[in-house]
Amino acid sequence: MRQTTEAFRSRYRANIHPLYNPWLHGAFVLLFGIAAIAAFWRTVHQVQPLEWLAVPLTLLFFNFGVYMVHRHLGHHKKAFARMFYARHAGDHHSFFAPGSMAYDSARDWRVILFPAWLIVVHTILISLPLWWLIRLFDANVAGLVGGCLVLGYLAYEVFHACEHLPPHNPLTRLPWIRQMRHLHELHHRREMMQERNFNIVFPLMDYLFGTLYWEPEDTAPYLTRPPMTRLQHPVDIAADPVAVLAYASTVSCWPQWHPSSLRINGPKGSLHAGARFDEDIRAGGRDGHLSWRVDEYLPGRRWVARAQGDHGLSLILTYECEAQGDGTRFVRTLEYQFSGLWMRIANRLLLRRRINRESADSMLALREMALKHLALSGVNA
């Protein structure tokens, strides 16, 4: 994570009101939205085929409205929308940057979700007047339009939250969400935030207005593969979480403590989001090569990296730390899969047990080597 982003996050979190409850925030928006949709749709009876066109047309209109507001008010300062500009371009884009797109805890929802009162304003000042006006001509169309305007708001909130989920969350592997997450991360690049990828739920207006930008995903093969094998191993280390994770994420040291790691070709020191490196391995009795990319680094908390390897191997490695008394609870989670049928069969019959044993052994070696390294470095355990 870039130092500037980490520093801003610390300042922003310190300014969140201590009484702020993210779960109450999210629940209010969701429940109010569902209640408003239900109220509008209760006015609908015996809808005729032509009247159903109100649903796609309203969602299309909402898609257009979100695009225009995001593009022209969220990234260009206007006197009448200074608060929105400051909250979006200032707070949101400073809190999240490429390689640092995931929130850390539920309290970070404060910088993702709109203020809770905004859905009430949206319903009263936009959905309700349009419902009343259209109701003079067609009550069914009015009910469908009013409900879909609130539905569009909820869809925006849900998709935007999904676009900032930690990368190991299962929802991030769903194709639609995965693609929108990638588009949104590209939008968060400083050189693109004013010009590209303003849609959040569906990139139709970006396509029509020529602002859609796409780069191939390095992790696209995950979309069509079966569920991953998941191995998790904890270990207690008598040292500070920041120091422990800094050592574990210094990949040049992996051959010192992990029996599967033979050789590392990459940068020295603890690797932050966006860093890449290569590794030669011998896992489960088989030699191979892995090409890695670091996805996330929260000092003292979490480190996540992905790799592509031989034999159609792909994997996600997550290190998580939690302070426990004077030490650290370190948890290593390995998720991997093979694209080929024969390798999947071999994994089920043999490789999984070997890899699991090697991973368990690596935790004991990590504890020993981390303490030695910290002692030699003069870091207090």
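- In the annotation of an unreviewed UniProt entry, the entry for the chain reads Fatty acid hydroxylase domain-containing protein, and the organism field reads Pseudomonas fluorescens.

1. Some thoughts on the confidence of the model for the chain
At step 1: Mean pLDDT over the chain works out to 89, with 95% of the residues at or above the 70 mark.
At step 2: Below a pLDDT of 50 lies the segment residues 219–225, which in the model reaches 22 contacts outside its immediate sequence neighbourhood of four places, other chains included.

2. What about the domain arrangement of the chain?
At step 1: On domain assignment, one finds that the chain holds domain 1 (5–209) and domain 2 (229–377).
At step 2: Inter-centroid distance (C-alpha atoms) of domain 1 to domain 2 is 37 Å.
At step 3: Taken residue by residue, the interface counts 12 residues in domain 1 and 12 residues in domain 2.
At step 4: Regarding the contact of domain 1 and domain 2, the summed buried area is about 910 Å², with carbon and sulfur atoms giving 42% of it.
At step 5: Area buried by domain 1 at its contact with domain 2 is led by Asp104, Pro167 and His168, which between them contribute 52% of it.
At step 6: Glu335 serves as the salt-bridge partner of Arg173, at 3.0 Å between the closest nitrogen and oxygen.

3. So, helix 3 (residues 54–72)
At step 1: Helix length check: helix 3 (19 residues) gives 27 Å between terminal C-alpha atoms against 27 Å at 1.5 Å per residue, within 8%.
At step 2: Within helix 3, the full set of buried residues consists of Ala54, Thr58, Phe62, Asn63, Val66, Tyr67 and His70.
At step 3: Close packing links the buried residues of helix 3 with helix 4 (82–95), helix 5 (117–135), helix 6 (139–162), helix 7 (175–187) and helix 8 (204–208).

4. Digging into the sheet that holds strand 6 (residues 313–324)
Two strands in a sheet stick together by hydrogen bonds in their backbones, pointing the same way (parallel) or opposite ways (antiparallel).
At step 1: The 7 strands are arranged 1-7-6-5-4-3-2 in an open sheet whose pairing can be described as antiparallel. Each edge of the open sheet is held by one strand with a lone partner, namely strand 1 (229–237) and strand 2 (261–265). Neighbour to neighbour, the strand axes of the sheet diverge by 20° on average, direction disregarded.
At step 2: Alignment of strand 2 against strand 3 (residues 276–283), held across 4 bridges, turns out to be antiparallel. From the neighbouring strand, Ser261 faces strand 3, where its bridge partner is Ile281.
At step 3: This element, helix 11 (residues 341–377), spans strand 1, strand 3, strand 4 (286–298) and strand 7 (327–338) of the sheet and lies at about 15° to strand 1.

What counts, and at which threshold
- Residues numbered from 1 in each chain as written.
- Predicted model: local features only at pLDDT ≥ 70, side-chain atom pairs only at ≥ 80, totals over all residues.
- Heavy atoms only, no water.
- pLDDT = per-residue confidence, 0-100.
- Contact = heavy atoms within 4.5 Å.
- Domains from an automatic or database assignment.
- Buried area = accessible area lost by both parts, 1.4 Å probe.
- Salt bridge = Lys/Arg side-chain N within 4 Å of Asp/Glu carboxyl O.
- Helix = DSSP H or I, 4+ residues; strand = E, 2+ residues; numbered from the N terminus.
- Expected span 1.5 Å × (residues − 1).
- Buried < 20%, exposed > 50% of the residue type's maximum accessible area, 1.4 Å probe, protein only.
- Pairing = 2+ DSSP bridges.
- Axes fitted to C-alpha atoms, helices over the stretch in contact; angles between N-to-C directions.

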